[in-house]
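Each chain is listed here by its residues.
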Amino acid sequence: MDLMPDLFDLALANQAALEARYDGLCSQKSEAELEQLARFAGRVEQDSRVSLNMRQTPLLSFLTLGQHHNIYEWARTRVPHSTGTLEEILRGRLGPYFEARMAFDHWFVDGESFRYGALNIGGAGAARYGDFCAVVCERFFEGRRESAYLGSDSLATYLLPGFTIDEARLREDVAPHCSRHLLAAVKLHSQVCTTPEAGWPRLLCSDTDFVEAVFAGPLTPTDLESVRMLEADYELYAEFAFEDLRYGLSICDRMLTEGFVLVLQLLEARGIPLEVV
Amino acid sequence: MLKLVAAALEDGWAFVETEGELLLVRPPYRQSMTRQVPQTALQTAVSTYGFEVRAETFDDWAALIEFLRARLIESREAAGQTQPQDSREILRRAPRSLLLKYLDRIEQELLPRREWQAVSNILGVLLESPGLHQDPQLHQRVVRLLARCNQEMAGYHGDRAALAGDLDLVRRFPRATQRNEPAEITTYARGIWERGQVLRICA
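Residues numbered from 1 in each chain as written. Chains lettered and ligands numbered in written order. Predicted model: local features only at pLDDT ≥ 70, side-chain atom pairs only at ≥ 80, totals over all residues. Heavy atoms only, no water.

### Describing the overall build of chain A
Line of reasoning, step 1. Along chain A, the regular secondary structure elements total 13 helices and ten strands.
Line of reasoning, step 2. Whereas a compact globule of 277 residues would reach a radius of gyration of roughly 19 Å, chain A reaches 20 Å, a difference of no more than 12%.
Line of reasoning, step 3. Across its three principal axes, chain A shows a C-alpha extent of roughly 65 × 50 × 35 Å.
Line of reasoning, step 4. When the 277 residues of chain A are sorted by exposure, 56% land in the buried category.
Line of reasoning, step 5. In chain A, the proportion of contacts linking residues at least 24 apart, taken out of those at least 6 apart, comes to 81%. (Helix = DSSP H or I, 4+ residues; strand = E, 2+ residues; numbered from the N terminus. Rg over C-alpha atoms; globule rule 2.2 N^0.38 Å. Buried < 20%, exposed > 50% of the residue type's maximum accessible area, 1.4 Å probe, protein only. Contact = heavy atoms within 4.5 Å.)

### Some words on a nonpolar patch on the surface
Line of reasoning, step 1. There is a patch of nonpolar side chains on the surface, built from Tyr-188, Val-198 and Leu-199 of chain B and spanning about 350 Å² of accessible area.
Line of reasoning, step 2. Relative accessible area serves as the criterion here: at 54%, Tyr-188 of chain B is assigned to the exposed category. (Patch = residues over 30% accessible without salt bridge, like charges linked within 9 Å, V, L, I, M, F, W, Y side chains within 5 Å. Areas by Shrake-Rupley, 256 points an atom, 1.4 Å probe, with all protein chains shown as cover. Salt bridge = Lys/Arg side-chain N within 4 Å of Asp/Glu carboxyl O.)

### Side note on the sheet that holds strand E1 (residues 49–54) of chain A
All names here are of chain A.
Line of reasoning, step 1. Within the open sheet, the eight strands sit side by side as E7-E4-E8-E2-E1-E3-E9-E10. Their pairing is mixed. In the strand order of this sheet, the two ends are held by strand E7 (175–176) and strand E10 (274–276), each with one partner.
Line of reasoning, step 2. Against the sheet, helix H4 (residues 56–65) makes contact with E1, strand E3 (132–136) and strand E9 (224–229), and its axis sits at roughly 115 degrees relative to E1, the strand it touches most.
Line of reasoning, step 3. On top of the sheet, helix H12 (residues 231–244) reaches E3, E9 and E10; it is set at about 75 degrees to E9, its chief contact. (Pairing = 2+ DSSP bridges. Axes fitted to C-alpha atoms, helices over the stretch in contact; angles between N-to-C directions.)

### Concerning the packing of helix H3 (residues 31–47) of chain A against helix H10 (residues 180–192) of chain A
Residue and element names in this part refer to chain A.
Line of reasoning, step 1. The geometry of H3 relative to H10 is characterised by a closest axis approach of 9 Å and an angle of 140 degrees between their N-to-C directions. In this view, H3 runs oblique relative to H10, as classed from their interaxial angle. For the element pair H3 and H10, the recorded crossing hand is right-handed. Where H3 approaches H10, its residues Gln-36, Leu-37, Phe-40, Ala-41, Val-44 and Glu-45 are matched on the opposing element by Arg-180, His-181, Ala-184, Ala-185, Leu-188, His-189 and Val-192.
Line of reasoning, step 2. Looking at the contact of H3 with H10 residue by residue, the classes come out as eight nonpolar, three polar and two charged. (Parallel < 35°, antiparallel > 145°, perpendicular 65-115°, else oblique. Left-handed = near helix turned anticlockwise from the far one by under 90°. Nonpolar A, V, L, I, M, F, W, Y, C, P; charged D, E, K, R; others polar.)

### Some remarks on the packing of helix H5 (residues 71–78) of chain A against helix H6 (residues 86–94) of chain A
Residues and elements named next belong to chain A.
Line of reasoning, step 1. Where H5 contacts H6, the two axes come as close as 9 Å, and the packing angle between them is 120 degrees. Viewed along their axes, H5 and H6 adopt a mutual orientation that is oblique. In the packing of H5 onto H6, the handedness of the crossing is right-handed. Within the contact between the two elements, H5 uses Ile-71, Tyr-72, Trp-74, Ala-75, Arg-76 and Arg-78 and H6 uses Leu-86, Ile-89, Leu-90, Arg-93 and Leu-94.

### A word on the sheet that holds strand E1 (residues 2–8) of chain B
Residue and element names in this part refer to chain B.
Line of reasoning, step 1. An order of E4-E3-E2-E1-E5 is seen for the five strands of this open sheet, with the pairing classed as antiparallel. The strands lining the two open edges of the sheet, one partner per strand, are strand E4 (35–36) and strand E5 (52–58).
Line of reasoning, step 2. Inspection of the sheet shows E1 paired to strand E2 (residues 13–18) by five bridges, in the antiparallel sense. Residue Ala-6 lies in a different strand from E2, and its bridge partner there is Phe-15.
Line of reasoning, step 3. In the packing of helix H2 (residues 61–78) onto the sheet, the strands contacted are E1, E2, strand E3 (21–25) and E5, and the crossing angle to E5 comes to about 140 degrees.

### Section: the interface of chain B and chain A
Line of reasoning, step 1. Listed as interface residues are 59 residues of chain B and, on the opposing side, 53 residues of chain A.
Line of reasoning, step 2. For the pair chain B and chain A, the two sides together bury roughly 5200 Å², of which 59% comes from carbon and sulfur.
Line of reasoning, step 3. Of all residues in chain B, Tyr-49, Gln-85 and Ile-90 of chain B bury the most surface against chain A, accounting for 15% of the area lost on that side.
Line of reasoning, step 4. In this assembly, chain B and chain A are joined by ten salt bridges.
Line of reasoning, step 5. Between Asp-11 of chain B and Arg-55 of chain A there is a salt bridge whose closest N-O contact spans 3.7 Å.
Line of reasoning, step 6. Only E2, helix H1 (40–48), E5, H2, helix H3 (88–92), helix H4 (96–110) and helix H5 (116–127) of chain B provide two or more residues apiece to the side of chain B that touches chain A.
Line of reasoning, step 7. Split into classes, the residues belonging to the side of chain B that touches chain A amount to 30 nonpolar, eleven polar and 18 charged. (Buried area = accessible area lost by both parts, 1.4 Å probe.)

### Considering the domain arrangement of chain A
Residue and element names in this part refer to chain A.
Line of reasoning, step 1. Parsing chain A into structural domains produces domain 1 (7–229) and domain 2 (230–269).
Line of reasoning, step 2. Using only C-alpha atoms to locate each centre, domain 1 and domain 2 end up separated by 30 Å.
Line of reasoning, step 3. Taken together, the contacts link eleven residues of domain 1 with 13 residues of domain 2.
Line of reasoning, step 4. Carbon and sulfur atoms make up 74% of the area that domain 1 and domain 2 hide from each other, which totals about 990 Å².
Line of reasoning, step 5. At the surface where domain 1 touches domain 2, the tally comes to zero salt bridges.
Line of reasoning, step 6. At the junction of domain 1 with domain 2, the criterion picks out three residue pairs in polar contact (both at pLDDT 80 or more).
Line of reasoning, step 7. Mapped by element, the contributors of at least two residues to the side of domain 1 that touches domain 2 are H4 and E9.
Line of reasoning, step 8. Top element by residues in the side of domain 1 that touches domain 2 is H4. It accounts for five residues. (Domains from an automatic or database assignment. Polar contact = N/O pair within 3.5 Å; in protein donor to acceptor, adjacent residues only side chain to side chain.)

### Concerning H5 of chain A
Residue and element names in this part refer to chain A.
Line of reasoning, step 1. Those residues of H5 that fall on the buried side of the exposure criterion are Ile-71, Tyr-72 and Ala-75. Buried residues along H5 cover an arc of 95 degrees about the axis, so they all sit on one side.
Line of reasoning, step 2. A distance of 3.0 Å separates the backbone nitrogen of Tyr-72 from a side-chain oxygen at the start of H5, and that oxygen is part of Asn-70. (Arc of directions from axis to C-beta.)

Rendered as structure tokens:
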């Protein structure tokens, strides 16, 4: 019987291979390209953080309860209030995507402990899925074995038809925390060389693509160094507040506005800065 | 026909299929905020970002939006979000770029519409903004606008008070004073001033 692989061991084992891939790539670049690529890799190594996009309610619940819940942890909290089993709750939530989620997570040792985020060097992350971008501090990853990085969204990239894992591709890409910059550079080398530096944050992490961070261990609000949101999203809430002082708000808009005020208060109480970007 | 395929109902965000396109909609449900997204976004949204798979159809946008608003209210009430919060906090903490936009809006939209009470309330909140105290230029602009608002409001109320107060009614309204006593006209004018409109409500 095959042993289940440990994603984090695979990442650590791939460190040397990633370095070799990066060096091989560098040998094919012109001097100017090489300088640009090295600067990008340096910036990712120095400045990158893991971010998790959340909407208002998940963020409020994270800040209030003091604990981040992945889908399994969330489902376990539902079991006492439901007539369904854990699997039924997960199936109900994930619908046609249940098999894919299970296939990926259960292929690894302790896959149910995985938390998913994205590598980020600025900006509001994958704001399509949540207007608040919670940025995890670097301290959280220092000395943590349970962190790995994948080239892109894991389910969309490393899952083959029939819910089998593209093991060869995964083993080739997976990076440990100390080599995340090499994975980012190998993935984005051609775009980095033609994109001005100001565009790099968006290149690394956007609605459409990102380097996926997979990590385990309890995540609490004290592990956040900031929460970012787009100015356009802040403006939306400010507009609600503005209209509240003119004509008042509908119940729905009032609830969203008051929810945002709660977010602001909880962030302040926990000493987490809100950055409008 | 609109098909709701996934949603985060507590926040009112939803993925909707219509005419072969997948759209992401979110409050306040303006067309400008509705975005077409690829099908792959649906799997990511559900598998990683906590969206829930749904399967409801709606005849039109109004019905869908009504559904989403009702579910948002319902789930937040169930979660106990009932304590009122002070929305002014958002304006107080707004970044400079937004404060500038709001000052422009006050100047170009609210003051010409004589929304003095709202202007006074909003500027009062902005004056408490911590960012304003480190920005003398912006602070001055807020103070100037507040002074202008107070001046316009005082002038307007002065005119209205004069209209309803002691003035030469016979000279200004000769035909009315032929039919009514000046005291009656003054009482009538005061009534209009107090109601804020010429006709009685529901008249």
